[in-house]
Amino acid sequence: MTAFIDVEVSYALPAKQELIKVRVAEGATVRDAIEASGLLVKHPDIELDGRNKVGVFAKLTRLDTALRDRDRVEIYRPLIADPKAVRKKRAEEGKVMKKGGGPAEE
């Protein structure tokens, strides 16, 4: 008799988050759960062996990592801009960076 585990697969888009619950065989990998979720078919722009990184509970991991019951697999979109480069550019332009959501103090 095969034992199963329940996991969630998450893919966040700018406007919404896809969160799919799947049941996979015990010992299944991150790749197995993503394939079982159907997200690769629904979002053909996901490239697991290319530009998209994956993680379990916000910790980067490999596609062959074995999952445990109630894990959450996350598929990350590539960054549009490098945060360090953006901060450096702002500093070079002399812009004041604000902390929090309020107006910047000079």
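Right above here is the structure, for reference.
Not measured: the values here are computed from a predicted model. Just so you know, the residues in each chain are numbered from 1, in the order the chain's sequence is written. The model is predicted, so local features are restricted to residues of pLDDT at least 70 and side-chain atom pairs to those at 80 or more, both for listing and for counting; the totals for chains, interfaces and linings are taken over all residues. As a convention, hydrogens and water are excluded, and side-chain values are obtained from all of the structure's heavy atoms.

Caption draft 1: A look at the overall build of the protein. Put simply, DSSP H or I for four residues or longer makes a helix, DSSP E for two residues or longer makes a strand, and each gets a number counted from the N terminus. Counting its regular elements, the protein contains 3 helices and 5 strands. If you list the helices and strands of the protein from N to C, you get β-β-α-α-β-β-β-α. Type-normalised accessible area, obtained with a 1.4 Å probe on protein chains alone, sets the label of each residue: buried when under 20%, exposed when over 50%, and partly exposed for intermediate values. For the protein, the proportion of its 106 residues judged to be buried stands at 26%. Here, two residues are considered to be in contact whenever any of their heavy atoms come within 4.5 Å of each other. Of all intrachain contacts in the protein linking residues separated by at least 6 positions in sequence, the fraction that spans at least 24 positions is 44%. The Shrake-Rupley method, run with a 1.4 Å probe, gives the accessible areas here. Residue values count only the displayed protein chains as cover. Summing over all exposed atoms, the protein offers an accessible surface of approximately 7,900 Å²; the carbon and sulfur share of this is 52%.

Caption draft 2: Representation of helix α1 (residues 30-37) within the structure. Where α1 is concerned, the buried positions are V30, A33, I34 and S37. Down the axis of α1, the buried side of the element spans an arc of 100°, and every buried residue falls inside it. Residue G38 follows α1 closely and has a positive phi angle near 85°. This arc describes the spread of directions from the helix axis toward the C-beta atoms.

Caption draft 3: Fine view of the pairing of strand β3 (residues 53-56). Strands are treated as partners if at least two bridges between them are detected by DSSP. Sheet topology places β3 next to strand β5 (residues 72-76); 4 bridges connect them, and they run antiparallel. By the bridge assignment for β5, V56 is matched with V73. When β3 meets strand β4 (residues 59-61), the two strands line up antiparallel, connected through 3 bridges. Within β4, the residue paired with V56 across the bridge is K59. Between the end of β3 and the start of β4, which pair antiparallel, lie 2 residues, with F57 showing a positive phi angle near 50°.

Caption draft 4: How the structure looks around the sheet that holds β4. Pairing within the open sheet is mixed, and its 5 strands lie in the order β2-β1-β5-β3-β4. Every other strand in the sheet has two partners, leaving β2 (17-25) and β4 as the edge strands with one partner each. Strand-to-strand twist in this sheet, taken as the mean axis angle between neighbours without regard to direction, amounts to 35°. To define axes, lines are fitted to C-alpha atoms, for helices over the stretch in contact only, and angles between the resulting N-to-C directions are given on a 0 to 180 degree scale. Contacts from α1 reach β1 (4-12), β2, β3, β4 and β5, with the element oriented near 115° to β2.

Caption draft 5: Geometry of the side chain of H43. Assignment of secondary structure puts H43 in the loop between α2 (39-42) and β3. We classify H43 as buried; its relative accessible area is 10%. Residues contacting H43, with those up to four places away along its chain left out, are Y11, L13 and E18.

That's the geometry; what it means functionally is another story.
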